[in-house]
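Inside the fold
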Amino acid sequence: MTKLRTNADKLPVVSVAGVVWHPKNGSNPRISVDGNAVWVPAVAGITYNAKIGDNCIGWAADHLEPGVSTRHKDDAHNASYIMLSCIGNEATVKSGDAKGEKGFVTGKHGGCNHVMVHFPQETLEKLNIDDNIGVKATGQGMALLDYPDIILRNMSPSLFEKMRIIEEAGRIQVGVAKIAPAACMGSGLGSSNSVTGDYDITLFDEETVREYGLKDLRFGDIVALMDADNRHGYSYRKGAVSIGVVVHGDSAISGHGPGVCTLMSAKVPVIEPIIDDKANLASYFI
């Protein structure tokens, strides 16, 4: 457990809610980077066999979301739901056969604006589309009191306490499963905020994928993005470092791939990523 000082004791805990969201695969195929028509499952629904800790590459799917995908039916309320929900927040089933059972938030997916939640397998089997899910949202506004250059985003206090974060010579070392260069970052680049979604690691350059071991990326992996400034959106900045979590699977579409939801970012090199094979939400929470 880290000894770094935060304002966690000043963070409100508020109720937000969504429902288990039905998949919306359209009647048109997705066109791959090589020009092929792809007909596969995409986002939303209950995914029974893809969970945090599993490899997120190679599924016969596009942007596969692990566990349970949720959304509020009202767009305005959903904007609050996805912004306020933070990685690691407690989630509770509020209706249906699994009422009362608990899980936790594992990701946020921009564009479709989903919040992904992990539940145990026995809970997944009881859940139904449209079941209500309540989240005790807390984390937005969290800050490192002694490191004003580091901005925290989508980070729950419970996740912060579980991560390998160590103070060392005026910077912080953070345990990560993988490191990726900014050159790999695609869809979402240029977004005006980093609190309502993610942006994608592209995997189309085989040499880079091999160099950084990106074929082994897992749902829930904590990753470092080098020369990536995610403080107030997603942009390239030499020397910046951002830490995020892998929230969805890969894609054959140009500019797309596994999505990363930001956890912390600095435009100056005060964050040092350290490889840690256990840096995954499954190791922290399950």
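Reference entry: report on the structure contained in this document. (Residues numbered from 1 in each chain as written. Predicted model: local features only at pLDDT ≥ 70, side-chain atom pairs only at ≥ 80, totals over all residues. Heavy atoms only, no water.)

Quick word on the sheet that holds strand S11 (residues 165–168)
One open sheet accounts for 3 strands, arranged S11-S12-S18; its pairing is mixed. A single partner strand is all that each edge strand has here, and the edge strands are S11 and strand S18 (271–275). For this sheet the average axis-to-axis angle between neighbouring strands, irrespective of direction, equals 30°. (Pairing = 2+ DSSP bridges. Helix = DSSP H or I, 4+ residues; strand = E, 2+ residues; numbered from the N terminus. Axes fitted to C-alpha atoms, helices over the stretch in contact; angles between N-to-C directions.)

Some remarks on the pattern of salt bridges
Evaluated as defined, the whole model comprises 12 salt bridges. Across the pair Lys 73 and Asp 130 runs a salt bridge, and its minimum N-O distance is 3.6 Å. Of the two residues, Lys 73 is situated in the loop between strand S5 (67–71) and helix H1 (75–84) and Asp 130 in the loop between helix H2 (121–126) and strand S9 (132–137); the sequence distance between them amounts to 57 residues. In this structure, the salt-bridge partner of Arg 218 is Asp 221, at a minimum N-O distance of 2.7 Å. Assessed through its relative accessible area of 22%, Arg 218 is described here as partly exposed. Connected via shared salt-bridge partners are Glu 90, Lys 102 and Lys 136. (Salt bridge = Lys/Arg side-chain N within 4 Å of Asp/Glu carboxyl O. Buried < 20%, exposed > 50% of the residue type's maximum accessible area, 1.4 Å probe, protein only.)

Digging into the pairing of strand S1 (residues 14–20)
For S1 and S9, the ladder comprises 6 bridges, and the chain directions are antiparallel. Within S9, the position partnered with Val 14 by the bridge is Ala 137. Alignment of S1 against S5, held across 2 bridges, turns out to be antiparallel. Residue Val 19 lies in a different strand from S5, and its bridge partner there is Arg 71.

Comments concerning the packing of aromatic side chains
Under the definition given, this model contains 2 aromatic pairs. An angle of 10° between the planes, with centres 4.2 Å apart, marks the rings of Tyr 199 and Tyr 234 as stacked. With Tyr 199 in strand S14 (residues 199–200) and Tyr 234 in the loop between strand S15 (222–229) and strand S16 (235–248), this pair connects stretches of sequence that are 35 residues apart. Just as Tyr 199 is buried, Tyr 234 falls in that class too. Over the ring of Trp 21 we find Arg 71, and its NZ or CZ is 5.5 Å from the ring centre. (Phe/Tyr/Trp six-rings, centres within 6.5 Å; stacked < 30°, edge-to-face > 60°. Lys NZ or Arg CZ within 6 Å of the ring centre and 35° of its normal.)

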